[in-house]
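The primary structure of each chain is shown beneath.
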Amino acid sequence: MSTPAMSEGDAGNDLESSLSGASLRRTEERSAEIEAEIATNPERFRMLSGDRPTGNLHIGHYFGSLENRVRLQNAGVETLNLIADYQVIADRDGTGPIRERALSMVADYLSIGLDPVKTIIFAHSATPALNQLMLPFLSLVTEAELRRNPTVKSELAATGDRPMSGLLLTYPVHQAADILFCKANLVPVGKDQLPHLEQTRVIARRFDERYGRADASRPVFPAAEALLSSGALILGMDGEKMSKSRGNTIEIGMDAATTAKVIKRAVTDSDRHITFDPDNRPEVSNLIMLASLCGAGDPETIAEEIGDGGGGGLKRLVTEAVNERFASIRATRAELVADPGYLQTVLRDGNARANAIAEATLDDVRTAMGMVY
Ligand code: TRP
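Residues numbered from 1 in each chain as written. Predicted model: local features only at pLDDT ≥ 70, side-chain atom pairs only at ≥ 80, totals over all residues. Heavy atoms only, no water.

Draft legend 1. Structural context of the pattern of salt bridges. Enumeration according to the criterion identifies 21 salt bridges in this entry. For E155, the salt bridge identified is with R52, shortest N-O distance 3.1 Å. Residue E155 is found in helix α9 (residues 150–158), and its partner R52 is found in the loop between β1 (46–51) and α3 (59–75); the two are separated by 103 residues along the sequence. The salt bridge involving D108 is made with R333; its shortest N-O contact spans 2.5 Å. Here D108 is found in helix α5 (residues 98–112), whereas its partner R333 is found in helix α15 (residues 310–337), with 225 residues between them in sequence. In this structure, D108 and R333 share a single accessibility class: buried. Among the charged side chains, a network of salt bridges with common partners joins R30, E33, E37, R44 and E225. (Salt bridge = Lys/Arg side-chain N within 4 Å of Asp/Glu carboxyl O. Helix = DSSP H or I, 4+ residues; strand = E, 2+ residues; numbered from the N terminus. Buried < 20%, exposed > 50% of the residue type's maximum accessible area, 1.4 Å probe, protein only.)

If you want it as structure tokens, here you go:
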């Protein structure tokens, strides 16, 4: 065997450092440059992002990524949205009510403004050629590198004593296939996903080094870049990361009364005078930030308005802001959910379009590797 590609550079360190201060700042600066490029040249970009269908999408997803995707779509960027159904089984037994969840995700996507004509909505399991890329890509990474992936590590920690499945260990490679199958060069993500993007770039580079075309200026795969959302990360109502499994979410499709109930249970603190102070009062500030993102004004002004109104006053304001911000989205969503046949048509159409792209890329890969029979 020739020199293994992984011997050049230490990708493991790159993965970890993708979350470190200097590297993170570079990514943030680059995100700002990309925004400027999108404004003048949207057709230079192809965006891929996705979600696991483990439950309904929530406002953490919305402000962390979904809102950005709609904006990119409307700015004229080509966009693909993946229902990452194979990722569901990386850390759990069985698929659950996967069909309902996938269709419900289509409803979430459409209700927030993703347009099924402009964007491709598709699922892993319906895109065989995408999944096949996993095989050559697996040959380009080492087990040690995967074990060092910070996101894999934290997801493993979150599963308690559960032994790591082969799919959990290798899912960053599968996610690289998600991004590279359509040669996406733009991925709107939260900070927690940055190591995956670094891994994707490493795989793209190694593929081209090993199997690349004679003309190095035309790589088989582009370098995918992160687009970080400018908004602050919204925490769950208990002050922890917002996630379905913690039961601390406000779902995009929740009704107004349930939203009020969930916000009523939110953790605050014992100081009745409300101030915006993210470092010292993370729970209170998170609620203020949420109201602000929903259009209630800037955080300092909101805090001043509430003043001595305490946690109760704050929660009333947040509830009103969230319910107002999502009212029309929720009304649209309710109509969509009533028509599962339509949701299925959208998904089937997206699957067909994604398959055409995946087949073309797999052909490029076979050609590069000399596997043309
Ligand atoms: N891992 C992402 C999440 O948990 C979902 C996802 C799958 C994704 N494939 C992707 C995100 C590709 C961006 C790009 O939310």
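Draft legend 2. Representation of unusual backbone geometry. The phi dihedral of K183 falls on the positive side, at around 55°, and the residue is not glycine. In this structure, K183 sits in the loop between α10 (166–180) and β4 (186–189). Given a relative accessible area of 25%, K183 falls into the partly exposed group.

Draft legend 3. Here's a closer look at the site of the ligand. Around the ligand, the neighbouring residues are L48, S49, G50, R52, L82, A84, Q87, Q175, D178, I179, V187 and Q193. Contacts to the ligand include Q87, whose side-chain N or O atom sits 2.9 Å from a nitrogen atom. Within the side chain of Q175, an N or O atom sits 3.0 Å from a nitrogen atom of the ligand. Considered on its own, the ligand offers 370 Å² of accessible surface; in the complex 88% of this is hidden by protein. Of all elements in the fold, only β1 and α10 reach the threshold of two or more residues within the shell around the ligand. Here the shell around the ligand is composed, by residue class, of five nonpolar, five polar and two charged. (Near = heavy atom within 4 Å. Polar contact = N/O pair within 3.5 Å; in protein donor to acceptor, adjacent residues only side chain to side chain. Areas by Shrake-Rupley, 256 points an atom, 1.4 Å probe, with all protein chains shown as cover. Nonpolar A, V, L, I, M, F, W, Y, C, P; charged D, E, K, R; others polar.)

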